[in-house]
Amino acid sequence: MTSTSPPSNHEASQAALRAAEARFIANNPLSKAQHDLAVGTLPGGNTRTVLHTSPFPLSMKQGRGAYVWDLDGHKYLDFVGELSAGLLGHSHPVIHKTFLSTFDTVGLSLGATTVHEHAYAALLSARFRLARVRMANTGTEANLHALAGARHFTGRRKVVVFSGGYHGAVLSFPDGKAAPNTVDRGDFVVVPRYNDLQLAREVIESVEKDLAAVLVEPMQGAGGCIPGTREFLVGVRDAAHRQGALFILDEVMTSRLAPGGLGVEMGLEPDMVTLGKYLGGGLAFGAFGGRDDVMAVYDPRVEGSLAHSGTFNNNTMAMCVGYAALSEVYKPEVNVAFNERGNRFREKLREVTKGTRLSITGRGSLLGLHFTEDGMEEITCGEDLKGKERRDLRDLFWFEMLEAGFWTTRRGYIAMILETPDEELDAFLAAVKAFLGRHRDIMLV
Ligand SMILES: Cc1ncc(COP(=O)(O)O)c(C=O)c1O
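Going by an unreviewed UniProt entry, the protein chain carries the name Pyridoxal phosphate-dependent transferase and comes from Achaetomium macrosporum. Per UniProt, the comment on the protein chain under Cofactor (unreviewed entry) is "pyridoxal 5'-phosphate". The record in UniProt for the protein chain states the following under Sequence similarities (unreviewed entry): "Belongs to the class-III pyridoxal-phosphate-dependent aminotransferase family."

A. Up close: the overall build of the protein chain. Counting its regular elements, the protein chain contains 14 helices and 18 strands. Computed over C-alpha atoms, the radius of gyration of the protein chain comes to 23 Å, within 12% of the 22 Å expected from 2.2 N^0.38 for 445 residues, which places it in the range of a compact globule. Each principal axis of the C-alpha atoms in the protein chain carries an extent, and together these give about 90 × 55 × 45 Å. The buried share of the protein chain, taken over its 445 residues, is 53%. Taking the contacts inside the protein chain whose residues are at least 6 apart along the sequence as the reference set, 71% of them involve residues at least 24 apart. Surface exposure of the protein chain reaches about 19,300 Å², of which carbon and sulfur atoms provide 54%. Side-chain charges of the protein chain comprise 47 positive and 52 negative groups, with the mean position of each set lying 0 Å from the other.

B. Expanded view of the packing of aromatic side chains. All chains considered together, the criterion is met by 22 aromatic pairs. Summarising the aromatic geometry, the rings of F79 and F428 are spaced 4.9 Å apart at their centres and angled 80° between planes, so their arrangement reads as edge-to-face. On the criterion of sequence distance, the pair formed by F79 in the loop between β3 (75-78) and α3 (93-105) and F428 in helix α13 (residues 422-438) is long-range, its members being 349 residues apart. By the burial criterion, F79 is buried, and F428 matches it. Ring geometry for Y330 against F338: centres 6.2 Å apart, planes inclined by 80°, an arrangement best described as edge-to-face. Of the two residues, Y330 and F338, both sit in the buried class. By the ring-pair criterion, three or more aromatic residues cluster together here, those being F79, F345, F371, F397, F406, F428 and F435. Directly above the aromatic system of Y67 lies the positively charged group of K75, at a separation of 4.3 Å from the ring centroid. The cationic tip of R411 hangs over the ring face of Y413; the distance from NZ or CZ to the ring centre is 5.7 Å.

C. Geometry of the nonpolar core. Among the nonpolar cores identified, the biggest contains 107 residues, and L124 and F428 are the most heavily contacted of them. Ranked by residue count, the leading element in this core is helix α10 (residues 316-329), at 8 residues. Counting only domains with at least three residues in this core, you end up with domain 1 (9-87 + 332-443) and domain 2 (93-329). Beyond its immediate sequence surroundings of up to four residues, F428 is in contact with F79, F345, L349, F397, M401, F406, T408 and I414. Residues L215, M272, V294 and V297 belong to the second largest nonpolar core, which totals 21 residues.

D. Summary view of the site of the ligand. As a structural note, the neighbourhood of the ligand is formed by T138, G139, T140, N143, Y166, H167, G168, E217, D250, V252, M253 and K277. A distance of 2.7 Å is found between an oxygen atom of the ligand and a side-chain nitrogen or oxygen belonging to K277. With 3 residues, helix α5 (residues 139-154) is the single largest residue contributor to the shell around the ligand. Residue composition of the shell around the ligand, by class: 3 nonpolar, 6 polar and 3 charged.

E. Fine view of α5. The first and last C-alpha atoms of α5 sit 22 Å apart over 16 residues, in line with the 22 Å expected at 1.5 Å per residue. Of all the positions in α5, only G139, T140, A142, N143, H145, A146, L147, G149, A150, R151 and T154 are classed as buried. At the N-terminal end of α5, a side-chain oxygen is found 3.4 Å from the backbone nitrogen of T140, two or three residues along, and the residue is T138. Remark: G155 follows α5 within two positions and exhibits a positive phi of approximately 70°.

F. How the structure looks around the packing of helix α4 (residues 115-128) against α10. Taken N-terminus to C-terminus, the directions of α4 and α10 make an angle of 35°; their axes are 9 Å apart at the nearest point. Judged by the twist between their axes, the crossing of α4 over α10 is left-handed. On α10, the residues touching H116, E117, A119, Y120, L123, L124, R127 and F128 of α4 are A318, M319, C320, G322, Y323, L326 and S327. A class-by-class count of the residues in the contact of α4 with α10 yields 10 nonpolar, 3 polar and 2 charged.

G. Geometry of the state of the cysteines. Tallied over the full model, the rule gives 0 disulfides. In this structure C225 is a free cysteine whose sulfur lies 15 Å from that of C381, the closest cysteine sulfur available.

H. Summary view of the environment of V191. Considering the arrangement of structural elements, one finds V191 in strand β8 (residues 188-191). In this structure, V191 is in contact with V160, V161, F162, S163, L199, A200 and V203, ignoring residues within four places of it in sequence.

I. A look at helix α1 (residues 9-27). Taking 1.5 Å per residue, 19 residues should reach 27 Å; α1 reaches 27 Å between its end C-alpha atoms and fits that length. Taken together, the buried positions of α1 are S13, A16, L17, A20 and F24. The buried residues of α1 occupy one face: seen down the axis, they fall within an arc of 105°. The exposed set on the far side of α1, more than 90 degrees from its buried face, consists of E11, R18 and A26. Buried residues along α1 sit against α12 (391-403) and α14 (440-443).

Basis of the calculations
For every chain, the first residue of the written sequence is number 1, and numbering continues from 1 along that sequence. Since the coordinates come from a predicted model, pLDDT governs what is reported: local features require at least 70, and pairs of side-chain atoms require 80 or more to be given and counted, while whole-chain, interface and lining totals use all residues. In computing side-chain properties, one takes all heavy atoms of the structure into account and sets aside hydrogens as well as water. UniProt positions are given in the numbering used here, feature names are shortened, and annotations may be inferred rather than shown by experiment. Secondary structure elements follow DSSP: runs of H or I of four or more residues count as helices, runs of E of two or more count as strands, with numbering from the N terminus. In this setup the radius of gyration rests on C-alpha atoms only. A globule is expected at 2.2 Å times the number of residues raised to 0.38. In this scheme, a residue with accessible area under 20% of its type's maximum is buried, one over 50% is exposed, and one in between is partly exposed, where area comes from a 1.4 Å probe on protein chains only. Contact criterion: two residues are considered in contact whenever any of their non-hydrogen atoms come within 4.5 Å of each other. Note that accessible areas follow from Shrake-Rupley with a 1.4 Å probe, and for residues the cover is restricted to the protein chains shown. Asp and Glu are treated as the negative residues and Lys and Arg as the positive ones, with His and the ends of the chain left uncounted. Throughout, a charge is located at the NZ atom of Lys, the CZ atom of Arg, the CG atom of Asp or the CD atom of Glu. Note on ring pairs: Phe, Tyr and Trp rings are taken, using the six-membered ring of Trp, and paired if centres are within 6.5 Å. Classes follow the plane angle, with under 30 degrees stacked, over 60 edge-to-face and the rest tilted. Comment: the charge-over-ring label is applied if NZ (Lys) or CZ (Arg) is within 6 Å of the ring centre and within 35 degrees of the ring normal. Each nonpolar core is a collection of buried residues, namely Ala, Val, Leu, Ile, Met, Phe, Trp, Tyr and Cys, held together in the definition by side-chain atoms within 4.5 Å. Residue ranges assigned to the domains are those given by an automatic or database domain assignment. Proximity criterion: a residue is near a molecule or strand once any of its heavy atoms comes within 4 Å of it. Any N or O atom pair separated by 3.5 Å or less is treated as a polar contact, with the protein-specific requirement of one donor-capable and one acceptor-capable atom, and with residues adjacent in sequence counted only for side-chain atom pairs. All amino acids are sorted into three groups, where Ala, Val, Leu, Ile, Met, Phe, Trp, Tyr, Cys and Pro are nonpolar, Asp, Glu, Lys and Arg are charged, and the leftover types, Gly among them, are polar. Expected span of a helix, by definition, is 1.5 Å for each gap between consecutive residues, and there is one gap fewer than residues. To obtain an axis, a line is fitted to C-alpha atoms, over the contacting stretch when the element is a helix, and the angle between two such axes runs from 0 to 180 degrees between their N-to-C directions. By the definition used in this description, the sense in which the near helix is turned from the far one sets the handedness, with an anticlockwise turn below a right angle giving left-handed and a clockwise turn giving right-handed. In this description, a disulfide is simply a cysteine sulfur pair whose atoms lie within 2.5 Å. Directions drawn from the helix axis to the C-beta atoms are what define this arc.

Here you go:
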């Protein structure tokens, strides 16, 4: 009798992954055909790198409420939530009504200042405690303008950021370095670990007199939904101030997590805040604001002030739809209840995944899913995960959650949509449990 030893954990996960990928290919012929067509025009068939997945991405045909349908007709609960910009879902009646009424009674961009931009700026100012606000088109732009403002205000150039920080398409800092397409790369100094106050202080102090600003997310979003501690964020702010630099809080992702964003919730009192995503009610949007004296660098009545241009900065549709989204739908009490739901959901997921290679981070309605060799639960920064990540398990999970009817990001990020029914959250918990049961051998630590 010949005996064969059982497959190693990695061999078994590779085999399961190959099988899952084969089923994905067989189940999605129309998405595959669409990808084959798209590569002829778009490099890699893609115009947003984050949405590329191999062997090909699913092509979505329609969204309604908290659901999306792909070209092959599969229905999914939408847990991607447009990377947090889709908070209100795909067809909220208030958004629908405001689209139509803006079109009918205001018209598209008017090439002039309007009452709508002021109304929305006043609402953002009150909600996020910003003395002055300006609008932009994306979160990336909001950060670029905030940094330009900080540089003008201080007369300095350098900016301290954190490894794993993502501040936009041309402002990202993975693995302790400015990404190759980051603008003004030489002006950024990257702290090698998020949540490490001692290290942050040393780096901030090392920049000496040319430091214009420290730019930080109160929870690293793209970096894995890793919350910053209050002690860390307050310490970073104080260190920035000791150097005469501004403390800029990037709340493009996190402003949804508390009625005034995490800056207000945690009492951080930033000099400037940047906003975006869901605050456009589903349309392209960005905004930045903060201290009166700092934002005054953008006052066109003052000689020598900075110009802040942008054809669509005050486009009527985003101003009116964003205003309706924040004033009629995502009211403070709705915000609080929604994020409490998110916290309960995360706790249940944590219980279900205890003792496995899947661990859950995040805050409120934003969740990070991490697959590591030792199932580590305390994750304070991306560097904690180095050398431990199990991409094979992450990919296997992604393929199998699609089969169970859940549209999540492959990198393991969930942004809940307001309208998501409780039964769907329970169904996801059951799907995760089933996954862990099916793959006990490779998922148990
Ligand atoms: C924290 C943070 N800042 C800035 C941005 C950039 O926003 P946008 O994609 O609208 O340019 C993002 C986008 O994911 C983000 O998460």
